[in-house]
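The primary structure of each chain is shown beneath.
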Amino acid sequence: MKIFKSAFLSAAALIFALCTISCGREVPKATDSSSASIADTTAESTEAASDVSTEAETTAEPTTTTAAKLSGVTLSYTEAEICVGQTLTYPMVYDSIEAEWSSSDESIATVDSVGNITGKSEGKCIISVADKNVPDKGAEVYVTVKKDTGIKEINGITYINGIMIANKSYSLPESYNPGGLTPETDAAFKELVAGAANDGISIYLSSGFRSYDLQSQIYNNYVNAYGQATADTFSARPGFSEHQTGMAIDVNIVDDNFIGTPEAIWIENHCSEYGFILRYPFGKQDVTGYKYEPWHIRYIGKEAAEAFIKEADRRDDVNLTLEEYLDIDSHY
Ligand SMILES: [Zn+2]
């Protein structure tokens, strides 16, 4: 759904704005009486405190953590607001220091060795960068972590309710390359194959992970053979293929001859038990952007697949699509 996407984008823009508002400003120094008082204030008294000095207006929201002890280093931003699970690219350090990053509370936000900040749970904490060689030299970023909005974009990849999305509306960056099926997908597929065998059904992998480059070659070959309009109904443009996620698998016969076979029926009825869903169900070409593909399954995890099937039951729609379930579009 476009509204969701644009809501997400404006949220992202807001986060960016928050980060750039304090661009180049020095962080409040704990030794200043003004910032010390900020650290001691509660949320209710922030306004009153901001009357004390102009610097107070630009400082981060009060935090329950220990007041800052570091100073003398300027960062590109000193406040940040992120969602749980989101990673914010490091602030630029405008001073030459041997940087050492740390978090005042790793249960709320963690920071890696270059300063990228990741939200872990709702709350506030301080991410610090200290100069290894000079005591008390450094700077802080006041981080507020908000609860997961359900939609997030990390390194150009869109996740909705934790599910990585690759369709005609949400593409993957060329650089995203898990190098094969994800370990979870691989393990779940092995279980599925064994489960099918127990039922006397032979399921095998025909096509799993496809890199951006490989998809590029495949798609271009189809365009040359059938023209783009036709190619788009069954082959994804590079970056838009679910096979690039490493969580999509084409089983057995990858053409219409698979339709209605005992194997296809077994997949349709049982793949969710192993954490997979049928991605391009019958009669939903307008929604998914692809014709019926009973051979194409997508791993979303057992819990998510179970919730998906429950929702399909509730809607009385055995052909529920991921797009309908997550309320998103799929078109170029
Ligand atoms: Zn496929």
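In the block above lies the structure referred to throughout.
Everything numeric here is computed off the predicted structure, so don't read it as measured data. (Residues numbered from 1 in each chain as written. Predicted model: local features only at pLDDT ≥ 70, side-chain atom pairs only at ≥ 80, totals over all residues.)

### What to know about the overall build of the chain
Stage number 1. Within the chain one finds 11 helices and 15 strands.
Stage number 2. The buried share of the chain, reckoned over its 332 residues, is 35%.
Stage number 3. When contacts within the chain are restricted to residue pairs at least 6 apart in sequence, long-range pairs at least 24 apart make up 66% of them. (Helix = DSSP H or I, 4+ residues; strand = E, 2+ residues; numbered from the N terminus. Buried ≥ 20, exposed ≤ 12 C-beta atoms within 10 Å, placed from the backbone. Contact = placed C-beta atoms within 7 Å.)

### Describing helix 10 (residues 302–314)
Stage number 1. Here helix 10 is 13 residues long and its end C-alpha atoms lie 18 Å apart, about the 18 Å a rise of 1.5 Å per residue gives.
Stage number 2. Just downstream of helix 10 lies Asp316, where phi reads positive at about 55°. (Expected span 1.5 Å × (residues − 1).)

### Observations concerning the sheet that holds strand 9 (residues 151–154)
Stage number 1. Taken together, the 3 strands give an open sheet; going across it, the order is 9-10-11, and neighbouring strands pair in antiparallel fashion. Strands at the two margins of the open sheet, each flanked by one partner only, are strand 9 and strand 11 (163–164).
Stage number 2. When strand 9 meets strand 10 (residues 157–160), the two strands line up antiparallel, connected through 4 bridges. Note on strand 10: the bridge partner recorded for Ile154 is Ile157. (Pairing = 2+ DSSP bridges.)

### What to know about the pairing of strand 14 (residues 276–280)
Stage number 1. By the criterion of burial, strand 14 is predominantly enclosed, with 5 of the 5 residues buried.
Stage number 2. Where strand 14 lies against strand 15 (residues 293–299), 4 bridges are found, and the strand directions are antiparallel. Bridging across to strand 15, Ile277 finds its partner in Arg298.

### Some details on the nonpolar core
Stage number 1. In this structure, Leu192, Cys271, Phe276, Ile277 and Ile297 are the most contacted members of the largest nonpolar core, which totals 34 residues.
Stage number 2. Elements supplying a minimum of two residues to this core: helix 5 (183–198), strand 13 (248–251), strand 14, strand 15, helix 10 and helix 11 (322–326).
Stage number 3. It is helix 5 that contributes the most residues to this core, 4 residues altogether.
Stage number 4. Leaving out residues up to four positions away in the same chain, Cys271 has contacts with Leu192, Phe276, Ile277, Leu278 and Ile297.
Stage number 5. With 22 residues, the next largest nonpolar core counts Leu88, Ile127, Tyr142 and Val143 among its residues. (Core = buried A, V, L, I, M, F, W, Y, C linked by C-beta atoms within 7 Å.)

### Remarks on the environment of Val114
Stage number 1. Following the sequence through the fold, Val114 ends up in the loop between strand 5 (109–111) and strand 6 (117–119).
Stage number 2. On the basis of neighbour count, Val114 is assigned to the exposed category, with 10 C-beta atoms found within 10 Å.
Stage number 3. In the structure, Val114 is positioned 22 residues away from Met92 in sequence and 9.8 Å away in space, judged by C-alpha atoms.

### Points about the sheet that holds strand 14
Stage number 1. Strand order in the open sheet made by the 4 strands is 12-13-15-14, with antiparallel pairing throughout. Single-partner strands in this sheet number two, and they are strand 12 (205–207) and strand 14. Here the average twist between neighbouring strands, direction ignored, is 50°.
Stage number 2. Where strand 12 and strand 13 come together, 2 bridges link them in antiparallel fashion. Of the residues in strand 13, the one forming a bridge with Ser207 is Asp250.
Stage number 3. Sitting on the sheet, helix 5 touches strand 12, strand 13, strand 14 and strand 15, and the angle it makes with strand 15 is about 130°. (Axes fitted to C-alpha atoms, helices over the stretch in contact; angles between N-to-C directions.)

### Some details on the environment of Tyr142
Stage number 1. In this structure, Tyr142 sits in strand 8 (residues 137–146).
Stage number 2. For the pair Tyr142 and Glu79, spaced 63 residues apart in sequence, the C-alpha separation works out to 4.7 Å.

### Observations concerning the pairing of strand 10
Stage number 1. Judged by which residues are buried, strand 10 turns out to be one-sided: Thr158 and Ile160 face inward and are buried, whereas Ile157 and Tyr159, on the alternate face, are not.
Stage number 2. The antiparallel pairing of strand 9 with strand 10 creates a hairpin that spans 2 residues between the two strands, and Asn155 there sits at a positive phi of about 50°.
Stage number 3. As judged from the 2 bridges shared by strand 10 and strand 11, these two strands associate in the antiparallel manner. Bridge pairing in strand 11 places Ile160 opposite Ile163.

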